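Working through the structure, step by step
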Amino acid sequence: MFALLVLLVGQSGFAAGSGVETFLLDPVDAKRGRTVPLKVYLTPSDKPRPVVLFSHGLGGSRNNNGYLGEHWARNGYVAVFMQHHGSDEEVWKGQRPGQAFAALKNAAGLKQTLDRFRDVPFVIDQLEKWNAEKGHRLAGNLDLEHIGLCGHSYGAVTTLGLTGQRFPGRQTFRDERIDAFLPMSPQAGKGGDPARAFGQLSVPILCMTGTKDGSPIDRKLKPEDRRKVYAALPPGDKYQLVLEGAEHLAFGDSKGFRTRNRNPNHHPVIQKLSTRFWDAYLKGDPAARTWLQSTAPRRDCGLVPGDVWESK
C-alpha cells in the first residue's frame, strides 16, 4: 500500500435541488509526492454502498461530469471523481489558445498515462483507509467489495488500462479490486493489435461512443476507430452504445460554443444505461443484467433508429 499523507479541503455542500452531498478531498501519495484531488458524491444511507470511480479527460478536472456523479449517488452509489495532475485543467489554464492546444497534446504522453494508471489503485487504497477511520465522513459508507471504474476520453484510456489490457511485453495494470468498467470514447491505441490488447478480457465492460466521436487533438482518429475496442472484446458481459450524431463532448457537461449542438436526449440515455450496468455488476441485480442483454434498452431509453445498442 502506498505511503500517504491526507489533506481535507473544507468545501462541502449539496448539489442544488438533488439531495446529493458533495465534498472535496486531497489525498497525497507521499511515495510519489503526488496529490490526487477527489470530489465525492453521496446521499445519506444507513448501509455501505458500492463505489464508482471516474477519470476525467485530457485537460479536465474532478468537477467534470457532475451530471453522472449526482445521478449515480441518487441511485445508491458513492461516486468518487478523480483529478490527474499533469493531464488536467492546470495544463491549459492561462495559456493562449494556440499554446493551450500544444500543451494539451504534450500532456498525453507515457508519463501522464502511467501516472493515471497508478492514481487509481492509490485512490482505492485511500478509500479503504478512510472507510475504516473512525470519525471520517466516509467511514462505514463504502462497499469496497464492489467497485466500478468509468472515464471519458483520456479517462477511457485510464479505465481500459485497469481492465487488464495487455501492453507490449505482456505488461498489465489490472487492479483486481475493480469489478466493472465503463470507457466513454474508448480508443484501441496506435499501432497495436486490438485483439491482442483486449481479446482476453473477461471483466464486464460497457463501451460508449458516438457516430461523430472524433478526437479534439488527433485528426487521424476517426469515430469508427472507437468501436474497435468493443469489436476486439471476447463474448461475456460486454456491451456497446453508439449514439447517432454524438460528438466527443457529448459525454461531458462543459458549456460553450463547441457544445452548442449537444443533443439533450443523450445525457438521460447515458445516465440510465450506466446505472443499470452498475446495478447488474456492482449490486448483483440479475434483472438489470437480463435487461442489458435484451432489446429493452432501446425502448426504455428512447433510442432512435440510428443509435446502436449491442451486447455479447
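So, here is what we can say about the structure in this document.

Rules and cut-offs
- Residues numbered from 1 in each chain as written.
- Predicted model: local features only at pLDDT ≥ 70, side-chain atom pairs only at ≥ 80, totals over all residues.
- Heavy atoms only, no water.
- Phe/Tyr/Trp six-rings, centres within 6.5 Å; stacked < 30°, edge-to-face > 60°.
- Buried < 20%, exposed > 50% of the residue type's maximum accessible area, 1.4 Å probe, protein only.
- Helix = DSSP H or I, 4+ residues; strand = E, 2+ residues; numbered from the N terminus.
- Contact = heavy atoms within 4.5 Å.
- Salt bridge = Lys/Arg side-chain N within 4 Å of Asp/Glu carboxyl O.
- Expected span 1.5 Å × (residues − 1).
- Axes fitted to C-alpha atoms, helices over the stretch in contact; angles between N-to-C directions.
- Parallel < 35°, antiparallel > 145°, perpendicular 65-115°, else oblique.
- Left-handed = near helix turned anticlockwise from the far one by under 90°.
- Nonpolar A, V, L, I, M, F, W, Y, C, P; charged D, E, K, R; others polar.
- Pairing = 2+ DSSP bridges.
- Right-handed = clockwise from strand over helix to strand, strands pointing away.
- Core = buried A, V, L, I, M, F, W, Y, C linked by side-chain atoms within 4.5 Å.

Moving on, we come to the packing of aromatic side chains. Per the counting criterion, the structure on display carries twelve aromatic pairs. Ring centres of Trp72 and Phe81 lie 6.2 Å apart, and the angle between their planes is 45°; this geometry places the pair in the tilted category. By relative accessible area, Phe81 is classed as buried at 1%. With centroids separated by 5.3 Å and ring planes inclined at 55°, the aromatic side chains of Phe277 and Tyr281 adopt a geometry described as tilted. Linking Phe277 with Tyr281, this pair stays in helix α7 (residues 266-281), spanning four residues, or about one helical turn. This pair shows no difference in class: Phe277 is buried, exactly as Tyr281 is. Through a chain of ring-to-ring contacts, three or more aromatic side chains come together here, namely Tyr41, Phe54, Trp72, Phe81, Tyr239, Phe277, Trp278, Tyr281 and Trp309.

This part takes up the side chain of Asp115. Following the sequence through the fold, Asp115 ends up in helix α3 (residues 110-131). By relative accessible area, which is 11% here, Asp115 ends up buried. Each residue touching Asp115, except ones within four places of it in the same chain, is listed here: Arg32 and Arg34.

Glancing now at the side chain of His56. Mapped onto the elements, His56 comes out in the loop between β5 (49-55) and α1 (66-74). A relative accessible area of 0% places His56 in the buried class.

Following the criterion strictly, the structure yields 20 salt bridges and no others. In this structure, the salt-bridge partner of Arg62 is Asp26, at a minimum N-O distance of 3.5 Å. Placement of Arg62 in the loop between β5 and α1 and of Asp26 in strand β2 (residues 21-29) is noted, with a sequence separation of 36 residues between them. Residue class for Asp26 comes out buried when judged on its relative accessible area of 11%. For Arg34, the salt bridge identified is with Asp115, shortest N-O distance 3.6 Å. Pair noted here: Arg34 is in strand β3 (residues 34-35) and Asp115 is in helix α3, with a separation of 81 residues, a long-range link. Each member of the pair Arg34 and Asp115 is classed as buried. A single salt-bridge network, built from bridges that share partners, covers Asp29, Arg32, Arg34, Lys111, Asp115 and Asp119.

With that settled, the discussion passes to α7. End to end, α7 covers 23 Å across 16 residues, agreeing with the expected 22 Å (1.5 Å per residue, within 8%). Burial within α7 is extensive, with 13 of its 16 residues counted as buried.

The N-to-C vectors of α1 and α7 enclose an angle of 45°; their axes lie 10 Å apart at closest approach. Taken together, the axis directions place α1 and α7 in an arrangement best described as oblique. Judged by the twist between their axes, the crossing of α1 over α7 is right-handed. Listed contacts from α7 to Tyr67, Leu68, His71 and Trp72 of α1 are His267, Ile270, Gln271, Lys272, Ser274, Thr275 and Trp278. The class makeup of the residues in the contact of α1 with α7 is five nonpolar, five polar and one charged.

Our next topic: the packing of α3 against helix α4 (residues 154-161). It is at 9 Å that the axes of α3 and α4 come closest, and there the two elements cross at 60°. One way to sum up the angle between α3 and α4 is to call them oblique. Handedness of the α3/α4 crossing: right-handed. Residues Gln112, Thr113, Arg116, Phe117 and Val120 of α3 pack against Tyr154, Gly155, Val157, Thr158 and Gly161 of α4.

On to the pairing of strand β6 (residues 78-82). Of all the five residues making up β6, five are buried; the element is thus mostly covered by neighbouring parts of the structure. In β6, alternate side chains face the same way, and those of Val78, Val80 and Met82 on one face and Ala79 and Phe81 on the other are all buried. By the bridge criterion, five bridges tie β5 to β6 in an arrangement that is parallel. Pairing of Ser55 across the sheet is with Met82, part of β6. Once the chain exits β5 it traverses α1 before rejoining the sheet at β6, and the crossover so formed is right-handed.

With that settled, consider the nonpolar core. With 41 residues, the main nonpolar core has Val51, Leu53, Val80, Val123, Leu127, Leu138 and Phe198 as its most contacted residues. Looking at this core, the element that brings in the most residues is α3, giving eight residues. When near neighbours in sequence (up to four residues on either side) are disregarded, Phe198 contacts Leu160, Gln165, Gln187, Ala188, Val229, Ala232, Leu233 and Pro234. Judged by nonpolar contacts, the second largest core, of 38 residues, contains Ala73, Phe81, Phe251 and Tyr281.

Attention shifts here to the pairing of strand β4 (residues 38-42). Within a regular strand, side chains alternate between the sheet's two faces. Taken across its five residues, β4 has five buried, putting it largely inside the fold. The two faces of β4 match: Leu38, Val40 and Leu42 on one face and Lys39 and Tyr41 on the other face are all buried. Two elements, β2 and β4, share five bridges in a ladder whose sense is antiparallel. Directly across from Glu21, in β4, lies its bridge partner Leu42. Strand direction decides the pairing type here: β4 and β6, joined by four bridges, are antiparallel. Pairing of Tyr41 across the sheet is with Ala79, part of β6.

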